Every structure is written in C-alpha cells, then in structure tokens.
Amino acid sequence: MESSGARQGAGYWYPASPESTPEQVVSGVDVLNALRAYRTVENGIRRSLSQRLNINETDLSALRFMLAVWQRDQSASPKELALALGISSASTTLVIDRLERVGFVRRRRHPVDRRAVILEPGERATEEFRSAFDVERRGVLAAADSLSSEETETVTRFLRSMEQAIVDAVAEPEPTREAR
C-alpha cells in the first residue's frame, strides 16, 4: 500500500520528491533506498546500451573509459585501460581485440615509444556513438548542477563516506571461527 508522498522504485520505498511535506521525516534508510533505485536505473541503462551496441558490459566500461580519455584529447594505453577496469593484461587484450574487431577501437604504435601501443577511436566511434554515452552524462550532470552549494557539499561528503565505508569493510579481515 502506497502512503501519501512516497513511492516505490526498484523494490524500495523512498520519498516522492525533495519537496516532501515538513511532517515527513526522511531517514538514512530513505537515502540508501534512493541510492539503490538510482543504481538500478543506471544498471538498466548500461545493459540497454550494451545490448544496443552488441557488446558486453566489460567492453562497454572500456569504451566509457576510453571516450572520457579521448574527450580530453589524450590517448589511452592498454595498461591504463587494465588499471581502470581492474582486470589482467590478458583480459584487457581480449577486450581490445573484441572492440577492434567491431570497429570501436584501433591500435596504433605510440609516436615516441615505438614499442608501446595506444588506443584510438575506431571507425564506429562516431559522434552519434559518442552522443549515446553523452545523453546519460548530461542528465546526471544537470541534476548535480541543480544542487545548492550546501547540498553539493552534503552529497559529496555522503558519497565519499559511503566509499570509505565500503573500502574499510572490504579491508577488514574475516573473523576466525574461534572469534565467532
């Protein structure tokens, strides 16, 4: 049953809008539910774009990274791509091979160090292709730009503390059987 001023999204309940009524208290659980709902929508968009481009999600992540690099008029090396994706050099080679085969990426010898390879946009990395990625980025950026300075500071602090909490949780050693 839906209560006034709240709605369900991605299986979680959260306030309908930031303009909630004064008597409606928003809790940390509401924030986490909204974050989960956002991540669910974001994952759906990623899957949809991956299907539309007929590539897997790792390849899509590689293209996102490389497009960001190319938009700064820089080049990416396979090693930088491996670090960005958190995968081995062998897996990176497979990703690059797939993307090169379908025309999204092209390998080229580094102009100074002829032993090194750099990755450039392939013939399918057109402006239309780039705009498919840009639509989501522009929408998210517009939402972020609509925040006041105080809201931006609060959201940034929250997201950084979430990031640190996850890093800390992963870094904690598993308790031994005796300690349980």
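To be clear, the structure that these remarks concern was listed above.
Overview of the structure. (Residues numbered from 1 in each chain as written. Predicted model: local features only at pLDDT ≥ 70, side-chain atom pairs only at ≥ 80, totals over all residues. Heavy atoms only, no water.)

**Description of the nonpolar core**
Condition: Grouping buried Ala, Val, Leu, Ile, Met, Phe, Trp, Tyr and Cys residues that are joined through side-chain atoms within 4.5 Å yields what is termed a nonpolar core. Using a 1.4 Å probe on the protein chains alone, a residue whose accessible area is under 20% of its type maximum counts as buried, one over 50% counts as exposed, and one in between counts as partly exposed. Helix and strand assignments come from DSSP, with helices taken as H or I runs of at least 4 residues and strands as E runs of at least 2, each series counted from the N terminus. Whether two residues touch is decided by their heavy atoms; if any such pair falls within 4.5 Å, the residues are in contact.
Ranked by size, the top nonpolar core spans 20 residues in total, and within it Leu-63, Met-66, Leu-99 and Val-105 carry the most contacts. Contributing elements (two or more residues each) for this core: helix 1 (28-53), helix 2 (57-71) and helix 4 (89-101). Considering every element that reaches this core, the biggest residue donor is helix 2, with seven residues. When neighbours within four sequence positions are excluded, Val-105 is seen to be in contact with Leu-63, Met-66, Trp-70, Leu-99, Glu-100, Leu-119, Glu-120 and Gly-122.

**Re the pattern of salt bridges**
For clarity, the threshold we go by: The term salt bridge refers to a pairing of a side-chain nitrogen on Lys or Arg with a carboxyl oxygen on Asp or Glu at a separation within 4 Å.
One pass over the full model with this rule turns up eight salt bridges. Glu-42 is paired through a salt bridge with Arg-46; the nearest N and O atoms lie 3.9 Å apart. With Glu-42 and Arg-46 both in helix 1, this residue pair falls four residues apart, about one helical turn. In this structure, Glu-153 engages Arg-157 in a salt bridge whose closest nitrogen and oxygen atoms are separated by 3.6 Å. With Glu-153 and Arg-157 both in helix 6 (residues 149-171), this residue pair falls four residues apart, about one helical turn. Glu-153 sits in the exposed class, given a relative accessible area of 52%. Overlapping salt bridges, with partners in common, bring together Asp-97, Glu-100 and Arg-107 in one network.

**A short note on unusual backbone geometry**
The backbone of Asn-54 shows a phi angle near 60°, a positive value even though the residue is not glycine. For Asn-54, the location among the structural elements is in the loop between helix 1 and helix 2. The backbone of Asp-73 shows a phi angle near 55°, a positive value even though the residue is not glycine. Within the secondary structure, Asp-73 is located in the loop between helix 2 and helix 3 (78-85).

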